[in-house]
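# Fold and contact review
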Amino acid sequence: MEVKKIKIFDTTLRDGEQSPGCSMNLKEKIEMAKQLERMHVDVIEAGFAISSQGDFISVKTIAETVKNCTVASLARASEKDIDRAWEAVKEAVDPRIHLFLATSPLHMEYKLHMQPDDVYEMAVAMTARAAKYCSNIEFSAEDATRSNWKFLAKVIEGVIAAGASTVNLPDTVGYTTPDEHYAFFMRMREMAPSLEKVTISSHCHNDLGLGVANSLAAVRAGVTQVECTVNGIGERAGNAAMEEIVMALYTRRDYYQAESNIVTSEIVHSSNLLTRITGVKVQPNKAIVGENAFAHEAGIHQHGVLQNRATYEIMTPESVGLNKNNLVLGKHSGKHAFKDRVNSLGYDLDETELEIAFEKFKSLADKKKTVYDRDIEALVAKEAVQVPRTYRLNSFVINSGNTITSTAVIKMTRDEKIIEKVSRGEGPIDAAFKAIEKIVGCELTLEDYQIGSVTEGEDALGDALVKIKTAGGTVFSGRGLSTDVIEASIHAYVNAVNKMIYTEKEGFTTVRIESI
Ligand code: KIV
Ligand code: ZN
């Protein structure tokens, strides 16, 4: 039997980024896009060009940077949106305009305030407009799974005749079930026979936890593109998780008779990079990329795995790029060895970034007996997405104990000027954060604070995550690394502040689709 190719359309940078707490700045989006390219994603949806100046610039920069994937921008079915989307993607090697319009009775009546006939006309006219710009046009019938099938088939036929080369039928609110989704695509293929001439796509949300199952049912029903996000991030309960779809196709190729182009050994790296950028961790038991996905705690399982891994392991950790704790470099390692290691971990730092990362590695190697890949990855990932350091930490002194009020003295530099502030607080971290807030001089709320370690062991590198909220309600996250957890926490806070300054300066505040 012939094995079918399934295109992976990644929307981490658009649908994923739209979820609260997952917004990314330009540097982070470019780094993520480069990683998606490295893992051989077929289509990168880089953003929604008209939604903000920041989104426009990031779609444009990604379109100009990525060479081996199609780069798409989302657009509503309106002239302005389509023109802006084209402006953003036109320099891509393979640009795509992805326009969408809702087709369900509920959305047409209450959101669009339009009659079905007008929706049909608009879908066809706007597809034709987009098709004047390029041949790679995707049309999405938003809320397709709750649409009237006859009407949907008519829209599908219309947009294909107008030039759509991909037709996407999203389960926008994660309402469908696998059996139903299979039947839906089978029936649509009968009712709209022109679908056979184009790429048929599925886009599933995860409100009932069925996003991946529904996507796989769609593959069985003949779709040749699935839309998904790394770690399943996305609005509400998220989108179908890319790593789960890809590994289901890989592990159960016998059943699906289908495969993707994804380099599966890049999966863990992509997941970790996204977690580092957004500060949103995956649950430990998350399939494929959770911390416990390949852990065999029970004695009986360990025994089985030692005899033959296949007893309890349906795929190898190596197949998803999980190399547990391999010991790499030490304090005597030189810059060349470090650079090689960094490159093999999938990072491509420029000279300055490499220099900074190498200095950090050296000072870590002085403090820590063993430096693992995961330590290096954490250092380098942080450097790769480092925004300009408007504020730099010079020094800190903390006075704390269980019988005194904690005080912190923090000294930082901004534009060559040293600023020093003192603050009291409920414990050393609170005192330090309050002192930084005084230096920055604006009201910030601590939204989240987490401290973990990059690897196990007494001398492990502390990894702090700080999320701050501005008076306007925007949340920025920052990470900090140090073998001293207080220092890691201070760095994390300073990084969040620097991101806030960079993001506001570049106009990157993301606007959600509904509010445009
Ligand atoms: O969920 C959805 O319907 C979407 C479309 C805009 C493709 O994200
Ligand atoms: Zn969606």
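What counts and what doesn't
Residues numbered from 1 in each chain as written. Chains lettered and ligands numbered in written order. Predicted model: local features only at pLDDT ≥ 70, side-chain atom pairs only at ≥ 80, totals over all residues. Heavy atoms only, no water. Axes fitted to C-alpha atoms, helices over the stretch in contact; angles between N-to-C directions. Helix = DSSP H or I, 4+ residues; strand = E, 2+ residues; numbered from the N terminus. Parallel < 35°, antiparallel > 145°, perpendicular 65-115°, else oblique. Contact = heavy atoms within 4.5 Å. Core = buried A, V, L, I, M, F, W, Y, C linked by side-chain atoms within 4.5 Å. Buried < 20%, exposed > 50% of the residue type's maximum accessible area, 1.4 Å probe, protein only. Donors = N, O, S within 2.8 Å, 3.2 Å for Na, K, Ca; no water. Near = heavy atom within 4 Å. Polar contact = N/O pair within 3.5 Å; in protein donor to acceptor, adjacent residues only side chain to side chain. Salt bridge = Lys/Arg side-chain N within 4 Å of Asp/Glu carboxyl O. Phe/Tyr/Trp six-rings, centres within 6.5 Å; stacked < 30°, edge-to-face > 60°. Pairing = 2+ DSSP bridges.

Between helix α2 (residues 26-38) and helix α12 (residues 267-278), the shortest axis-to-axis distance is 10 Å and the interhelical angle comes to 175 degrees. Between α2 and α12, the interaxial angle falls into the category roughly antiparallel. Residues Glu28, Glu31, Met32, Gln35 and Arg38 of α2 touch α12, and the partners they reach there are His269, Ser270, Leu273, Leu274 and Ile277.

When a protein is soluble and globular, its nonpolar side chains tend to lie buried together. Ranked by internal contacts, the top residues of the largest apolar core, which has 117 residues, are Leu169 and Phe338. The biggest single contributor to this core is helix α7 (residues 149-162), with 7 residues. Once residues lying within four places of it in the same chain are set aside, the contact partners of phenylalanine 338 are Leu329, Leu354, Ala357, Phe358, Phe361, Ile376 and Val380.

Bound to the zinc ion (ligand 2) on the protein side are Asp15 (OD), His203 (NE2) and His205 (NE2), at distances that span 2.0 to 2.1 Å. Mapped onto the polypeptide sequence, the residues donating to the zinc ion (ligand 2) form the spacing pattern D-x187-H-x1-H. Taken individually, histidine 203 and histidine 205 each receive the classification buried, so the pair is uniform in this respect.

Here we come to the site of ligand 1. The full set of residues close to ligand 1 is Arg14, Asp15, His98, Phe100, Ser140, Glu142, Pro170, Thr172, His203 and His205. A distance of 2.7 Å separates an oxygen atom of ligand 1 from a polar atom in the side chain of threonine 172. Sorting the residues of the shell around ligand 1 by element identifies α1 (12-16), β5 (94-102) and β6 (137-142) as the ones contributing at least two each.

Once that is clear, we can look at the pattern of salt bridges. Applying the stated criterion across every chain, the model contains 35 salt bridges. Residues aspartate 143 and arginine 146 are paired through a salt bridge, measuring 3.0 Å at the closest nitrogen-oxygen approach. Across the pair lysine 368 and aspartate 375 runs a salt bridge, and its minimum N-O distance is 3.0 Å. What makes lysine 368 buried here is its relative accessible area of 3%. With relative accessibility at 0%, the residue aspartate 375 sits in the buried group. Among the ionic contacts, a cluster of salt bridges with common partners joins Lys5, Arg253 and Glu259.

This next bit is on the packing of aromatic side chains. Applying the stated criterion across every chain, the model contains 9 aromatic pairs. Between phenylalanine 338 and phenylalanine 361 the ring centres are 4.9 Å apart and the planes differ by 25 degrees, which places this aromatic pair in the stacked class. In this pair, phenylalanine 338 is assigned in helix α14 (residues 335-344) and phenylalanine 361 in helix α15 (residues 351-367), connecting sequence segments 23 residues apart. For the pair phenylalanine 338 and phenylalanine 361, one class covers both residues: buried.

Quick look at the sheet that holds strand β14 (residues 445-453) now. Within a beta sheet, neighbouring strands are joined by backbone hydrogen bonds and run either parallel or antiparallel to one another. Read across the sheet, 3 strands follow the order β14-β15-β16 without closing on themselves; strand pairing throughout is antiparallel. Whereas interior strands pair on both sides, the edge strands pair on one side only; in this sheet they are β14 and β16 (475-482). This sheet shows a mean twist of 15 degrees between the axes of neighbouring strands, independent of strand direction. Across 8 bridges, the pairing between β14 and strand β15 (residues 462-469) is antiparallel. Note that in β15 the partner of aspartate 448 across the bridge is lysine 467. The strands touched by α12 within the sheet are β15 and β16, with β16 carrying the most contacts at an inclination of about 110 degrees.

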